[in-house]
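# A structural walkthrough
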Amino acid sequence: MFDKIIETNSKKISIQITNRGEVILKKPKNYSQKLLENFIELKQKWIEEKRRKALELVEKYKDVIEYKTILVLGNENQIIYDSKCNKISPKKMYVKNRKSLITTIKKYANEIIIQKATYFSNKIGVKPLEIKIENAKKRWGVCTSKKVIKINFRACMVDEKCLDYIIIHELLHLKEFNHSKNFWLLVKKYVPNFSEIKKQLKEYGILLDLYR
């Protein structure tokens, strides 16, 4: 059932289902076999359901995962390798190799994200110290205590509504540096359907493992 079992110094036992559908068990050292069996029995249906959903997404984005296609604002573009130039067209991306693929999408991300962040910061009435494009492993964006907005370059691959939400979310932290009720009321003001968008972003989470 488990693809990997990790023994930890923690007193708690936990299960992680990765974006690729791998099931990872983390358990304390010398954990009772009986307690482990009881825990697995209790979580078995949850594990199977989570793994099924993860594998469905792996199949859905199979060509993206295999770098045959790439998402640009939620639209799937065919990747044409061995090209003499690097460029993005409405349906295709022309690149020399895998390295230039990452360089090209990062360049596009820098252009579209900075443009949108500037637009939304003016609309909201906030002024970040700086807007940076980053290569984070587990997050779409962050607002630092120094008022620096950092957005994952992969955010330019998600649906445009999701990208707008990511940027607006982080900019609003310049007004409310927390996730309080007031913060979410602000989010709702600018993105009324943010709850639906958050669910969609979970699906796009598989992109965070790619382009490294």
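Look above for the structure.
Structure report, in brief. (Residues numbered from 1 in each chain as written. Predicted model: local features only at pLDDT ≥ 70, side-chain atom pairs only at ≥ 80, totals over all residues. Heavy atoms only, no water.)

### Notes on the packing of helix α4 (residues 160-172) against helix α6 (residues 194-204)
The criterion, for reference: The convention used is that axes are lines fitted to C-alpha atoms, helices contributing only their stretch in contact, and that angles between N-to-C directions extend from 0 to 180 degrees. Strands here mean DSSP runs of E at least two residues long; helices mean DSSP runs of H or I at least four residues long; both are numbered from the N terminus. Angles below 35 degrees are treated as roughly parallel, those above 145 as roughly antiparallel, those between 65 and 115 as roughly perpendicular, and all remaining angles as oblique. In this analysis, two residues are considered to be in contact whenever any of their non-hydrogen atoms come within 4.5 Å of each other.
Between α4 and α6, the shortest axis-to-axis distance is 10 Å and the interhelical angle comes to 105°. By the criterion of interaxial angle, the relationship of α4 to α6 is roughly perpendicular. Between α4 and α6, the contacting residues are K161, C162, Y165 and I166 on the first element and F194, I197, K198, Q200, L201 and Y204 on the second.

### Let's talk about α4
The criterion, for reference: Any helix carries an expected span of 1.5 Å times its number of residues minus one. Accessibility here uses a 1.4 Å probe with only protein chains present; expressed as a share of the type maximum, an area under 20% marks a residue as buried, one over 50% as exposed, and anything in between as partly exposed. Here a polar contact is recorded for every N or O atom pair within 3.5 Å, except that within protein the pair must consist of a potential hydrogen donor and a potential acceptor, and residues adjacent in sequence are included only if both atoms are side-chain atoms.
Spanning 13 residues, α4 covers 18 Å between terminal C-alpha atoms, matching the ideal 18 Å at 1.5 Å per step. Of all the 13 residues making up α4, 11 are buried; the element is thus mostly covered by neighbouring parts of the structure. Buried residues along α4 sit against α3 (98-124), β9 (141-143), β10 (148-152), α5 (181-190) and α6. Its side-chain oxygen 2.8 Å from the backbone nitrogen of K161, D159 forms the N-cap of α4.

### Looking at the packing of α4 against α5
Definition in use: For a crossing to be left-handed, the near helix must be turned anticlockwise from the far one by less than a right angle; the clockwise case is right-handed. Residue classes follow a fixed rule: Ala, Val, Leu, Ile, Met, Phe, Trp, Tyr, Cys and Pro count as nonpolar, while Asp, Glu, Lys and Arg count as charged, and any other residue, Gly among them, counts as polar.
Two elements in contact, α4 and α5, have axes whose closest approach is 10 Å; the angle formed by their N-to-C orientations is 140°. Here α5 runs oblique to α4, going by the angle between their axes. Note that α4 runs across α5; the crossing there is right-handed. Across the interface between the two elements, Y165, I168, H169 and L172 of α4 pack against F183, W184, L186, V187 and Y190 of α5. Of the residues that constitute the contact of α4 with α5, the class distribution is eight nonpolar, one polar and no charged.

### Some thoughts on the packing of aromatic side chains
What characterises a pair of aromatic rings is the spacing of the ring centres plus the angle enclosed by the ring planes. Going by this rule: Each aromatic pair joins two rings of Phe, Tyr and Trp (for Trp, the six-membered one) with centres within 6.5 Å, and gets the label stacked for planes under 30 degrees apart, edge-to-face for over 60, and tilted for any other angle. The rule for a charge over a ring is simple: NZ of Lys or CZ of Arg within 6 Å of the ring centre, and within 35 degrees of the ring normal.
In this structure the tally under the stated criterion is four aromatic pairs. The interplanar angle of 15° and the centroid separation of 5.3 Å between the aromatic rings of W184 and F194 together place this pair among those described as stacked. Note that W184 is positioned in helix α5 and F194 in helix α6, a separation of 10 residues in sequence. Taking the ring centre of Y94 as reference, the NZ or CZ of K87 above it sits at 5.4 Å. Here the guanidinium or amino end of R98 rests over the ring plane of Y67, the centre of that ring lying 3.8 Å away.

### Quick notes on the pattern of salt bridges
Counted only if it meets this: Put simply, a salt bridge is a Lys or Arg side-chain nitrogen that is within 4 Å of an Asp or Glu carboxyl oxygen.
Summed over the entire model, instances satisfying the criterion amount to 10 salt bridges. Close ionic contact of E49 with R52 constitutes a salt bridge, the shortest N to O distance being 2.5 Å. Here E49 and its partner R52 are both found in helix α1 (residues 33-60), three residues apart, which amounts to about one turn of the helix. By relative accessible area, E49 is classed as partly exposed at 32%. For R52, the salt bridge identified is with E56, shortest N-O distance 2.5 Å. Here E56 and R52 lie together in helix α1, a separation of four residues that amounts to about one turn. Residue classification places R52 among the partly exposed residues on the basis of a relative accessible area of 38%. A relative accessible area of 45% places E56 in the partly exposed class. What you see here is one network of salt bridges that share partners, running through E49, R52, K53 and E56.

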